[in-house]
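The lines below spell out each chain.
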Amino acid sequence: MEKSSFPLHVGIIMDGNGRWAKKRGLPRPAGHSAGAAVFKKIVRYSSSIGIRYLTIYAFSTENWKRPVEEVGALIKLFKQYLQDALRDFLNENIKVCFLGDTSAFPQDLQNLISETEEVSKNKTGMVLNIALNYGSRAEIVRAVRLLAQEVKSGKLEPDAIEEADIEKYLYTSGQPDPDLIIRPSGENRISNFLLWQSAYSEYVVMDILWPDFKPKDLDWALEEYARRNRRFGGV
Ligand code: FPP
């Protein structure tokens, strides 16, 4: 594949865990456990094939509306993953960042999040963004509030505000915009994911539930991306 047709930044909306479990007569958290195993595999595979930035939507600001047992099971999976990751990162060259308001999670998960960021901060390989308690609208509101503080303190004139001023307060500040966003499970929705950053992203919706997603499915999405003709509003 030519370098220019290979995405620098890939986003994935992990979707379909609940349906996967239901099809098997299992409780929804069983779908999330299966999804967590796939998440681990796809992170490793993405890093091995040279993806530089991978952003995965793991928990949205709206996911708190789910039954308390399901939210609890997800929090347990996040903790387990980070405990394992902290051990594995000794051998892996992946930098982990978190997008979202993680202060809403229990203290022990917050500690694991800070530790993971700290341990991996000087890694030079793939950047893995895990979106946790993330919502794009909440992210933009946060950026606007921070920008308003700059205006209030006299550091910035309202008329001088540019796109870059908003970008610098997004959780993804300093990172390139996603080139490709993959949504498994067949749903044609954005679901409040990277609304600002995906202005010119290519979407690939795949008719496969996340727990069934394999490295070859990522390859397929990458090939589909390579066939797209990106014009960024030009001709
Ligand atoms: C959406 O599927 C999935 C989620 C809201 C949770 C995704 C989280 C994991 C896979 C856990 C592991 C993550 C990490 C970072 C270790 P859904 O439940 O909405 O599926 P449905 O649309 O079929 O109901």
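Look up a bit, the structure's there.
Residues numbered from 1 in each chain as written. Predicted model: local features only at pLDDT ≥ 70, side-chain atom pairs only at ≥ 80, totals over all residues. Heavy atoms only, no water.

1. Here we look at the sheet that holds strand E6 (residues 202-205)
Right, on to step 1. In space, the six strands of this open sheet follow the order E3-E4-E2-E1-E5-E6, with parallel pairing throughout. One side of each edge strand has no neighbouring strand; the edge strands of this open sheet are strand E3 (95-99) and E6. Direction aside, neighbouring strands of the sheet carry axes that sit 20° apart on average.
Right, on to step 2. The pairing of strand E1 (residues 9-13) with strand E2 (residues 53-60) spans five bridges and is classified as parallel. Within the sheet, the bridge partner assigned to Ile-13 lies in E2 and is Tyr-57.
Right, on to step 3. The strands that helix H2 (residues 28-48) touches are E1, E2 and strand E4 (127-134); relative to E2, the one it contacts most, it runs at about 165°. (Pairing = 2+ DSSP bridges. Helix = DSSP H or I, 4+ residues; strand = E, 2+ residues; numbered from the N terminus. Axes fitted to C-alpha atoms, helices over the stretch in contact; angles between N-to-C directions. Contact = heavy atoms within 4.5 Å.)

2. Quick word on the site of the ligand
Right, on to step 1. Around the ligand, 17 residues are found, and the nearest of them are Asp-15, Gly-18, Arg-19, Arg-28 and Arg-66.
Right, on to step 2. Between the ligand and Asn-17 there is a distance of 3.2 Å, counted from an oxygen atom to a backbone nitrogen or oxygen.
Right, on to step 3. Burial of the ligand by the surrounding chains reaches 92%, relative to a free accessible area of 630 Å².
Right, on to step 4. At the level of secondary structure, the elements contributing two or more residues to the shell around the ligand comprise helix H1 (17-23), H2 and helix H3 (68-88).
Right, on to step 5. Top element by residues in the shell around the ligand is H2. It accounts for five residues.
Right, on to step 6. Grouping the constituent residues of the shell around the ligand by class yields seven nonpolar, six polar and four charged. (Near = heavy atom within 4 Å. Polar contact = N/O pair within 3.5 Å; in protein donor to acceptor, adjacent residues only side chain to side chain. Areas by Shrake-Rupley, 256 points an atom, 1.4 Å probe, with all protein chains shown as cover. Nonpolar A, V, L, I, M, F, W, Y, C, P; charged D, E, K, R; others polar.)

3. Quick word on the pairing of E1
Right, on to step 1. Taking burial as the measure, the five residues of E1 include five buried ones, the bulk of the element.
Right, on to step 2. Residues His-9, Gly-11 and Ile-13 line one face of E1 and the alternating positions Val-10 and Ile-12 line the opposite face, and both faces are buried. (Buried < 20%, exposed > 50% of the residue type's maximum accessible area, 1.4 Å probe, protein only.)

4. Section: the packing of aromatic side chains
Right, on to step 1. Under the definition given, this model contains twelve aromatic pairs.
Right, on to step 2. When the centroid spacing of 4.9 Å and the interplanar angle of 75° are considered together, the rings of Phe-59 and Trp-64 count as edge-to-face.
Right, on to step 3. On the basis of relative accessible area, Phe-59 is assigned to the buried category, the value being 0%.
Right, on to step 4. For the ring pair Phe-59 and Phe-78, a centre distance of 6.1 Å and an interplane angle of 85° mean the geometry is edge-to-face. Here Phe-59, found in strand E2, pairs with Phe-78, found in helix H3; they are 19 residues apart in sequence, far enough to count as distant. (Phe/Tyr/Trp six-rings, centres within 6.5 Å; stacked < 30°, edge-to-face > 60°.)

5. Some words on the pattern of salt bridges
Right, on to step 1. Taken as a whole and assessed by the stated rule, the structure comprises 21 salt bridges.
Right, on to step 2. For Arg-28, the salt bridge identified is with Glu-70, shortest N-O distance 2.8 Å. You can see Arg-28 sitting in helix H2 and its partner Glu-70 sitting in helix H3, a full 42 residues away along the chain.
Right, on to step 3. For Arg-28, a relative accessible area of 36% translates into the label partly exposed.
Right, on to step 4. The exposure class assigned to Glu-70 is buried, which follows from its relative accessible area of 5%.
Right, on to step 5. One connected set of salt bridges, linked through shared partners, spans Lys-40, Arg-44, Asp-84, Arg-87, Asp-88 and Glu-92. (Salt bridge = Lys/Arg side-chain N within 4 Å of Asp/Glu carboxyl O.)

6. Considerations on the side chain of Arg-183
Right, on to step 1. Mapped onto the secondary structure, Arg-183 falls in strand E5 (residues 180-183).
Right, on to step 2. Residue classification places Arg-183 among the buried positions, given a relative accessible area of 4%.
Right, on to step 3. Separated by 2.7 Å, the side chains of Arg-183 and Ser-191 make a polar contact.
Right, on to step 4. Non-local contacts of Arg-183, meaning those with residues more than four positions away in its chain, are made with Ile-13, Asp-15, Arg-189, Ile-190, Ser-191, Val-204, Val-205 and Met-206.

7. A few points about helix H5 (residues 136-152)
Right, on to step 1. The end-to-end C-alpha separation of H5 is 24 Å, in line with the 24 Å expected for 17 residues at 1.5 Å each.
Right, on to step 2. Tucked inside the fold, the buried residues of H5 contact E4 and helix H6 (163-167).
Right, on to step 3. Backbone geometry just downstream of H5 places Gly-154 in the positive-phi region, at approximately 85°. (Expected span 1.5 Å × (residues − 1).)

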